Amino acid sequence: MAEPIVQTRAARFSAAGRATFDLTLRLGGLAVAIVLVGLVFQSLNDAFLNTDVIISILRSMSSVAIMGLGLTLVIVIGEIDLSVGAMYGLAANSLAVIWILGGVPIYAAIPLVLLIAVCVGLFNGFLTTTLRIPSFIVTLGSYNLLYGLSLYVTHASTFNPNYPPEGFTVDDGQLAFFVNLTKQFGAHQFSVEVFWMLALTLVVGFLLHRSLFGFRLIAIGGNPVAAQLARLPVRRYKIVAFVLSAVIAAIAGILDFSFIQTSQPDLGLSQTFPVFAAVIIGGASLAGGKGTAIGTLGGALLLAELQIGLALLSPGPHAQQIFLGAVTIGAVALDLSLTRLRARRAG
Amino acid sequence: MRAVAIAIRALRKNYGNTRALDGLDLDLIPGEVLGIAGPNGAGKSTLMRILAGEERQDTGELRAGGTVFSRAEAARLVAVVHQEPQLFPNLTVAENLLVGREGGNVMRPASPASDRALMEALGLGPYAARPLADCTLAVQQRTEIARALARDAKVFLFDEPNSALTDEESDELFREIHKLADAGNIVILVTHRLGDLVEHTARVVVVRDGRIAAELQGEALTEEAIARMLVLEEHRHEAARGAREGRAETALVRAHGWTHRGGAFADVSLTVARGEILALMGVEGSGARELLRSLAGVDPAQGEIAVAEATGRAAIALTAYVPATRQLSLYTNLSVGDNLLVRLARPDIADGMGTLRPARMRTLAADFSRRFLVKTRTLTQGIRSLSGGNQQKVAIAQALAARPRLLLLEEPTRGVDIGARREIYRLLEAYAGEGNGVVMYCTEVPEMFEAADRVIVVSDGRLSAPLAVADHPHVEALATEVTRLERHGRAS
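Caption draft 1: Fine view of the overall build of chain B. Across its full length, chain B holds 17 helices and 21 strands. For a compact globule of 492 residues, the expected C-alpha radius of gyration is about 23 Å, and chain B comes in at 24 Å, within 12% of that figure. Projected onto the principal axes, the alpha-carbon positions of chain B cover approximately 70 × 55 × 50 Å. Scored against the burial criterion, the 492 residues of chain B give a buried share of 49%. Excluding contacts between residues fewer than 6 apart, the proportion of contacts in chain B whose partners are at least 24 apart in sequence is 70%.

In structure tokens, the structure reads:
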């Protein structure tokens, strides 16, 4: 006879009943790291923990966090998207060209840019699933392709909607709409972009942890062959993940363009690896089947905290890079040792 | 050089709150084939892992010839032949034998003559240059055996080594096993096949609850004696079969002109009645496995097919498939509960918007785990925390959760202990009894005898006339008939 099913306390953490203990441990660890790093910076520089710095950390983390959310979906299903940074750049640059040069109203230009992102996602997804080219190769290719497109459409020049090139005009109302997408308000210049980030975290978090889509995404990432044999829609889900990743990266690009107000052809390329670092620090596994929205958000927060904290201490640009590397490896090493520790205890 | 006897004393090992070994004592004697039997979760695997130096005991000791048998020595002297081969699929068979023994030469190593002789002896000669990934499971397993033999090991642990081998291949393996013992090695055979234990070992120990529950040798060593030690309750199996006699004789599944695109079989006709459990028997390459997989839509095939009222693709959609290995059906990143539910969709586990229904998921998972006799402490623990037999029940429950009309299984109880095996058969009978069909690909006659209503022998892509299991008074009679049909099929 089957023994009675005992619902333990751990069961109540997650509605879907996933192995939640590891997750709690992981997110708890991340929270502790964020607080500790903050305290260390505060002890080195007592100007660190003030409202202005915290707000600037939240703002500067938002584009990495948003791109990371999209990337998390792709990584959970067991694929890789190296093109998120380039997609972010292409979104800003193509928006500049369509809107400022093309004269298309901003209200139509933004949906057009998102449509471009859908096409990029379909391209990545189709090549990965139907032609079975590894996504690492596909998106390494599309990273360069998209950067090339950005150079092509902008003729390698920069744009600022406040100062359109000679012979072009930008409608004041549209400019105000665009700038207000990431409007800063209050005494501390709090940016609306942070709300976009939080809203997208909720959306991706819901998708990943509370929807059938996420349940299957995690299953497919955990064992793609079994999912195929069980007739789960593996191919469709992978394509959708790539599309969402590209669209979310495009949203980040549009928002950052609105905030910085200057587009450059190489925009976003240098963000590629910080985005991966945020997702990995957030507990996602490159092997697939594992990752959370809140973790990715925490990963991006830790990175932004380090970046701004180090910038305030100004030991030089090398320090940020060295810390980015150390934290990425350190987070995964810690994760693995905790998992092993738990495995030894639980058997 | 002969191996020295190894004495295992008061071995204890805990995993968290679970006691895997509870003061186990055992003597390993060179020149003898020792059999180890025990239900899954009894501590067999833990014992093997400690012996092979893969894990450290909490307390207790292993002594060889008066000195402590260290983990370093274990790693050097003990060779393990696993149930699921642990090899290098990207290398050829010959290269697989070489890995780890390449020598210090800078040049790419070549197979020594002794390796080639060994491969010939195990019938691996024709496959020497073939990448392992392209070889059948049987060949892969023989490669692992060859690897163990090629190492200069003194202790050989065979963990379900012949579970996927044909009878001839099995016989060949046991000849090698006896040769190893005769040469003065310590040889241990862990298997669920009681017949093999009786026939090929001098002594059998039964492990239960982390210790040796019984030691059988000489006259006392019989299948019945081992079986008695393995299961507490006697299952009245015949009764279950009798209850299903009154099943409807209407066809549930009909296939005509069913032809494999890869050429494994052509123009096959097959009928499965409502309530029937049909066994397909055949060696690797006979087409039996491919036939089963084609009904699941996994292997491409064409022809007419009907399941219940549906035909073609819609018919295939009414089937569910459970692959031979659990690695192909379970999700190690999901909990036991989620593994049970993973094939479900709207409206079972999500609402119309695609939002999961957590309360319903918990109820369903609890329901499935009760109904399919899954022994688990919680539904939220990882799937790997379950014993092999219970993992297999989860794999079957997962396929049945979506209410298919035809269940297709490959070797449904491979590597599963007797207790769990009988429970799995009962689950299949209950499911068939509801007017559904079951087709399983089997390699063991006792399995067919115990679980199936009819047996079809497949050889060279041709199907024999079905044998009714009920016409055979005992398992030997069925085995004789199956062997005859197989030989006949291959001769024609």
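Caption draft 2: How the structure looks around the overall build of chain A. In terms of regular secondary structure, chain A is built from 13 helices and two strands. Referenced to the eigenvectors of the C-alpha coordinate spread, the extents of chain A come out at roughly 80 × 55 × 35 Å. Per-residue burial over chain A gives 48% buried out of 347 residues. Taking the contacts inside chain A whose residues are at least 6 apart along the sequence as the reference set, 77% of them involve residues at least 24 apart.

Caption draft 3: Spotlight on the sheet that holds strand β14 (residues 301-307) of chain B. As summarised here, the arrangement of the four strands in space is β12-β11-β14-β15 (chain B), forming an open sheet in which the pairing is antiparallel. What marks the edges here is a single partner per strand, and that holds for β12 (268-273) and β15 (310-311) of chain B.

Caption draft 4: The arrangement of the packing of helix α3 (residues 84-101) of chain A against helix α10 (residues 234-260) of chain A in detail. All names here are of chain A. For the pair α3 and α10, interaxial distance at closest approach is 7 Å and the crossing angle is 50°. Between α3 and α10, the angle is such that the two are oblique. Every pair of crossing elements has a handedness; the one defined by α3 and α10 is right-handed. Of α10, the residues touching α3 (which contributes V84, M87, Y88, G89, A91, A92 and L95) are S245, A246, A249, A250, A252, G253, I254, D256 and F257. A class-by-class count of the residues in the contact of α3 with α10 yields 12 nonpolar, three polar and one charged.

Caption draft 5: Looking closely at the pairing of strand β7 (residues 155-159) of chain B. All names here are of chain B. Counting buried residues along β7, five of its five residues qualify, which places the element largely inside the surrounding structure. With burial as the criterion, each face of β7 is covered, one bearing V155, L157 and D159 and the other bearing F156 and F158. One ladder, built from four bridges, connects strand β6 (residues 78-81) with β7; its direction is parallel. Each bridged residue has a counterpart across the sheet, and for A79 the counterpart in β7 is F156. Here five bridges tie β7 to strand β8 (residues 186-190), and the two strands are oriented parallel to one another. Of the residues in β8, the one forming a bridge with V155 is I186.

Caption draft 6: The packing of helix α11 (residues 272-281) of chain A against helix α12 (residues 293-313) of chain A, seen in detail. Residue and element names in this part refer to chain A. Put simply, α11 and α12 touch, their axes get as near as 7 Å, and they point 125° apart. In terms of orientation, α11 lies oblique with respect to α12. Read as a crossing pair, α11 and α12 show a hand that is right-handed. Where α11 approaches α12, its residues P274, A277, A278, V279 and I281 are matched on the opposing element by T296, G299, A300, L302 and L303. The residue inventory of the contact of α11 with α12, partitioned by class, reads eight nonpolar, two polar and no charged.

Caption draft 7: Highlighting the sheet that holds strand β9 (residues 203-208) of chain B. All names here are of chain B. One open sheet accounts for six strands, arranged β6-β7-β8-β3-β9-β10; its pairing is mixed. Each edge of the open sheet is held by one strand with a lone partner, namely β6 and β10 (211-217). With direction set aside, neighbouring strand axes in the sheet form an average angle of 20°. Sheet topology places β9 next to β10; six bridges connect them, and they run antiparallel. Along β10, the bridge assignment pairs V206 with A214. Docked against the sheet, helix α1 (residues 44-51) engages β3 (33-37), β6, β7, β8 and β9, running at close to 150° with respect to β7.

Caption draft 8: Representation of the environment of L334(B). Inspection of the secondary structure assignment puts L334(B) in the loop between β16 (319-322) and α12 (336-341). Expressed as a C-alpha distance, the spacing of L334(B) and I383(B), which sit 49 residues apart in the sequence, is 6.8 Å.

Caption draft 9: Just the nonpolar core, in detail. In terms of nonpolar packing, the biggest core is built from 186 residues, with M87(A), L95(A), L280(B) and L408(B) touching the most fellow members. When residues in this core are grouped by element, the largest group, 18 residues, is from α10(A). Among residues more than four places away in sequence, those in contact with M87(A) are A117(A), V120(A), L146(A), A246(A), A249(A), A250(A) and G253(A). Within the second largest apolar cluster, 65 residues are counted, among which are I145(B), L165(B), L180(B) and A181(B).

Caption draft 10: Quick look at the pairing of β3(B). Residue and element names in this part refer to chain B. Taking burial as the measure, the five residues of β3 include five buried ones, the bulk of the element. Of the two faces of β3, the one lined by V33, G35 and A37 and the one lined by L34 and I36 are each fully buried. As paired elements, β3 and β8 share four bridges and run parallel to each other. In the sheet register, L34 faces β8, and the bridge partner there is I188.

Caption draft 11: View of helix α4 (residues 106-129) of chain A. Residue and element names in this part refer to chain A. Compared with an ideal rise of 1.5 Å per residue, which puts 24 residues at 34 Å, α4 spans 34 Å between its outermost C-alpha atoms and is within 8% of the ideal. What α4 keeps buried is the set I106, A109, I110, V113, I116, A117, V120, G121, F123, N124, G125 and T128. Packed against the buried residues of α4 are α3, α5 (135-154), α6 (172-180) and α10.

Caption draft 12: Fine view of unusual backbone geometry. All names here are of chain B. Between R346 and P347 the backbone carries a cis peptide bond, its omega angle lying at -5°. The topology assignment puts P347 in the loop between α12 and α13 (358-371). Of note, the phi angle at L373 is positive, near 55°, even though the residue is not glycine. As for its position among the elements, L373 is in the loop between α13 and α14 (388-401). The partly exposed category is assigned to L373, around which 17 C-beta atoms lie within 10 Å. Located in the positive-phi region is R403, a residue other than glycine, with phi close to 55°. Look at R403 and you get exposed, because 12 C-beta atoms sit within 10 Å.

Criteria and thresholds
Residues numbered from 1 in each chain as written. Chains lettered and ligands numbered in written order. Predicted model: local features only at pLDDT ≥ 70, side-chain atom pairs only at ≥ 80, totals over all residues. Helix = DSSP H or I, 4+ residues; strand = E, 2+ residues; numbered from the N terminus. Rg over C-alpha atoms; globule rule 2.2 N^0.38 Å. Buried ≥ 20, exposed ≤ 12 C-beta atoms within 10 Å, placed from the backbone. Contact = placed C-beta atoms within 7 Å. Pairing = 2+ DSSP bridges. Axes fitted to C-alpha atoms, helices over the stretch in contact; angles between N-to-C directions. Parallel < 35°, antiparallel > 145°, perpendicular 65-115°, else oblique. Left-handed = near helix turned anticlockwise from the far one by under 90°. Nonpolar A, V, L, I, M, F, W, Y, C, P; charged D, E, K, R; others polar. Core = buried A, V, L, I, M, F, W, Y, C linked by C-beta atoms within 7 Å. Expected span 1.5 Å × (residues − 1).

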